[in-house]
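Understanding the architecture of this molecule
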Amino acid sequence: MEQIKENKMGVMPVRKLLVSMSIPMMISMVVQALYNVVDSIFVARISEDALTAVSLSFPVQNLMVAIAVGTGVGINALLSKNLGEKNMEEVNSIADNGIFLAFLSYLLFLVFGMTFVRPYFGAQTNNAEIIEYGISYLSVCTIASIGIFGQVTFERLLQSTGKTIFTMMTQGIGAIINIILDPILIFGLFGMPKMGIEGAALATVIGQIAAWLLAVVFNVKYNNEIKIQANGFRPNIKTIKKIYAIGIPSIIMLSITSVTTYCINNILMKFSATATAVFGVYYKLQSFAFMPVFGLNNGMVPIISYNYGARYKERIIHTIRLSIEIAIGIMLFALLIIQLYPEKMLLLFNASNDMINIGIPALRIISLSYIFAGFSVVAGSVFQAFGNGVMSLMVSVGRQLVVLVPAAYLLSLTGNVNLVWWSYPIAEVASLVLSIFFLKIIYSTKIEPISDCFGGDDGDDIAGGALQGAK
């Protein structure tokens, strides 16, 4: 009778549980990947220089996402904790201050968009056309970035109370609006003015703003646990410190990609703008491989955390093993597709002969890192599930800043751009080694000491060998 009352994460068969919790997030992530790719496909129809400009804009756009999502992690964690404690006054304070921080973050990028966009592109290229394209695109994305900060914040308010179905709807609708508006605003369809690359940026921010406003509506109408107080609001420094205490590590980890991409862009620009455009195309395409794995991780983490608290050792091991297997399967499938059809993928972006000549070896070489990436990505989330986020941060820093960027720079000194791409498989091997090392620590300190309790009858007994090599 006691088992029946237990949360499904402790009794439902692991395979069924993992699939049921991960699939919705995987679908949402794939939709996000789709609109990022579609955006660049339409931009590529303008010119290769326009595509390069979008590639050079990515570090700033990723930084906006990093700050929004990282702050959202802090908001979400604090809200969920205080909801569990029935501390509703603090819940409302966290929500109000979280919204305030989203607005402050927007002001930061508003200032950047109005003053620093031209110097940003000027530091990366002397190509006047790329600079002008970049200014047109990134100025809109930053000056109107209120949408991305508002969307992420209000979606986290919904997630903190378990209303994830609404966040799927906001993300999906925002992406669909972007996809529909891209060709209309870029090429001037249905009587609209032909706006070119500025139209692509406008489509992006309109989609984000629409998703934000819809998230606000869902919070007001359905999120009754949280009461947002706009009138008489005063920032609470203590609450803000708590939010950032949790959020800043996530911001740093997510921001590393911005630093890495900026460095790689500058390395590639020394070869040609086309090489940088190829790198931008790869980043769009790779999201189709990684986003489903990130969705898988979102389903995996609460399962591991719950069963760790319940002391269900075999369910923990089974969940980790199954997640690694699925992630590796996804990444190997993506590797196969890229290895077989690199030219067709490049042609989606209106690739020139020069871009195809550079792009085919680039995609094939970089994608070799997928052989190892599935394991490392899941391992990083396992560390977080056990409260060891520092391990994830160390793996990320080690992979990208300690190995990837230096390796890319050293290989660029050969004068052969094809060798630069090998920095990715090299970095992924380093990430794999570090991930295995930390996973051994997690197993020996967190998992192995558990005296297993009853945790369902889904065949978890066969999972015991999953991490035995980590002893």
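From a predicted model like this one, the values you see are computed outputs, not experimental measurements.

About the cut-offs
Residues numbered from 1 in each chain as written. Predicted model: local features only at pLDDT ≥ 70, side-chain atom pairs only at ≥ 80, totals over all residues. Heavy atoms only, no water. Helix = DSSP H or I, 4+ residues; strand = E, 2+ residues; numbered from the N terminus. Buried < 20%, exposed > 50% of the residue type's maximum accessible area, 1.4 Å probe, protein only. Contact = heavy atoms within 4.5 Å. Salt bridge = Lys/Arg side-chain N within 4 Å of Asp/Glu carboxyl O. Domains from an automatic or database assignment. Buried area = accessible area lost by both parts, 1.4 Å probe. Polar contact = N/O pair within 3.5 Å; in protein donor to acceptor, adjacent residues only side chain to side chain. Phe/Tyr/Trp six-rings, centres within 6.5 Å; stacked < 30°, edge-to-face > 60°. Core = buried A, V, L, I, M, F, W, Y, C linked by side-chain atoms within 4.5 Å. Expected span 1.5 Å × (residues − 1). Axes fitted to C-alpha atoms, helices over the stretch in contact; angles between N-to-C directions. Parallel < 35°, antiparallel > 145°, perpendicular 65-115°, else oblique. Left-handed = near helix turned anticlockwise from the far one by under 90°. Nonpolar A, V, L, I, M, F, W, Y, C, P; charged D, E, K, R; others polar. 1 Å grid on protein atoms, 1.4 Å probe; cavity = no way out; pocket = protein on both sides within 12 Å on 5 of 7 lines; lining within 4 Å. Points joined across faces, edges and corners; volume = space filled by probe spheres on them. Patch = residues over 30% accessible without salt bridge, like charges linked within 9 Å, V, L, I, M, F, W, Y side chains within 5 Å. Areas by Shrake-Rupley, 256 points an atom, 1.4 Å probe, with all protein chains shown as cover.

Tracing the backbone shows Ile 228 in the loop between helix 10 (197–222) and helix 11 (237–269). Using a relative accessible area of 36% as the deciding quantity, one classes Ile 228 as partly exposed. Separated by 172 residues in sequence, Ile 228 and Gln 400 place their C-alpha atoms 39 Å apart. Each residue touching Ile 228, except ones within four places of it in the same chain, is listed here: Asp 96, Ile 99, Phe 154 and Leu 157.

What follows is about the pattern of salt bridges. Should the charged atoms of two oppositely charged side chains come close, the side chains can pair. Summed over the entire model, instances satisfying the criterion amount to 3 salt bridges. Measuring nitrogen to oxygen at the nearest pair gives 3.1 Å for the salt bridge that ties Glu 132 to Arg 118. With Glu 132 in helix 7 (residues 128–143) and Arg 118 in helix 6 (residues 117–122), the pair connects residues that are 14 residues apart, well separated along the chain. On the basis of relative accessibility, which here comes to 38%, the residue Glu 132 falls in the partly exposed class.

Our next topic: the domain arrangement of the protein chain. By a widespread convention, an interface's size corresponds to the accessible area lost as its parts come together. Parsing the protein chain into structural domains produces domain 1 (8–235) and domain 2 (290–447). Averaged C-alpha coordinates put domain 1 and domain 2 at centres separated by 24 Å. Summed over both partners, the interface of domain 1 with domain 2 comes to about 2,100 Å²; 72% of that surface belongs to carbon and sulfur atoms. Linking domain 1 with domain 2 are 0 salt bridges. Seen at the junction of domain 1 and domain 2, the total is 2 residue pairs in polar contact (both at pLDDT 80 or more). Looking at the side of domain 1 that touches domain 2, the elements that each hand over two or more residues are helix 2 (8–11), helix 3 (14–44) and helix 4 (48–84). Broken down by element, the side of domain 1 that touches domain 2 gets its largest block of residues, 15 residues, from helix 3.

What follows covers the packing of aromatic side chains. Under the defined criterion, the tally for this structure stands at 20 aromatic pairs. Seen from their ring centres, Phe 279 and Tyr 283 are 5.2 Å apart, and the 85° between their planes marks the pair as edge-to-face. Of the two residues, Phe 279 and Tyr 283 both sit in helix 12 (residues 273–310), 4 residues apart, roughly one turn of that helix. By the burial criterion, Phe 279 is buried, and Tyr 283 matches it. Among the aromatic residues, those joined into a ring-pair cluster are Phe 58, Phe 279, Tyr 282, Tyr 283 and Tyr 424.

Looking now at the nonpolar core. Here is a general trend for soluble globular proteins: nonpolar side chains tend to be buried in one another's company. With 76 residues, the main nonpolar core has Tyr 370 and Trp 421 as its most contacted residues. Looking at this core element by element, the count peaks at 15 residues for helix 12. Counting the residues that make up this core, at least three belong to each of domain 1 (8–235) and domain 2 (290–447). Not counting chain neighbours up to four residues away, the residues in contact with Trp 421 comprise Leu 268, Ala 275, Phe 279, Ile 358, Ala 362, Ile 365 and Ile 366. Residues Val 54, Met 64, Val 69 and Ile 148 belong to the second largest nonpolar core, which totals 37 residues.

This next bit is on helix 16 (residues 370–385). A rise of 1.5 Å per residue sets the reference length of helix 16, with its 16 residues, at 22 Å; its end C-alpha atoms lie 23 Å apart and thus fit the reference within 8%. With respect to burial, helix 16 is a largely interior element, 13 of its 16 residues being buried. Looking one or two residues past helix 16, Gly 387 carries a phi angle of roughly 80°, positive in sign.

A separate point is the environment of Val 397. If you trace the backbone, Val 397 turns up in helix 17 (residues 389–412). Taking the C-alpha atoms as reference, Val 397 lies 18 Å from Val 69; in sequence the two are 328 residues apart. Apart from the residues within four sequence positions on either side, Val 397 is in contact with Ile 256 and Val 402.

The subject of this paragraph is the packing of helix 5 (residues 88–115) against helix 7. In the contact formed by helix 5 and helix 7, the axes pass within 7 Å of each other and the chain directions differ by 155°. Taken together, the axis directions place helix 5 and helix 7 in an arrangement best described as roughly antiparallel. The hand of the helix 5/helix 7 crossing is left-handed. Along its contact with helix 5, which presents Tyr 106, Phe 109, Leu 110, Phe 112, Gly 113 and Met 114, the element helix 7 presents Leu 138, Ser 139, Thr 142 and Ile 143. Partitioned by chemical class, the residues of the contact of helix 5 with helix 7 number 7 nonpolar, 3 polar and no charged.

In this structure the tally under the stated criterion is 1 cavity of 30 Å³ or more. Counted as a void, the largest cavity has a volume near 40 Å³. Contributing to the lining of the largest cavity are Ile 67, Ala 68, Thr 71, Gly 98, Leu 101, Ala 102, Ser 105, Phe 149 and Thr 153. Elements with a minimum of two residues in the lining of the largest cavity: helix 4, helix 5 and helix 8 (146–160).

Here we take up a nonpolar patch on the surface. Judged by side-chain polarity, Val 19, Ile 23 and Ile 27 come together as a nonpolar surface patch covering roughly 240 Å² of accessible area. Secondary-structure assignment places Ile 27 in helix 3. What makes Ile 27 partly exposed here is its relative accessible area of 48%.

Right, let's get into unusual backbone geometry. Positive phi, close to 55°, is recorded for Phe 190, a residue that is not glycine. Here Phe 190 is to be found in the loop between helix 9 (164–187) and helix 10. By relative accessible area, which is 75% here, Phe 190 ends up exposed. Its identity as a non-glycine residue notwithstanding, Asn 350 has a phi of 55°, on the positive side. Structurally, the position occupied by Asn 350 is in the loop between helix 14 (342–347) and helix 15 (353–366).

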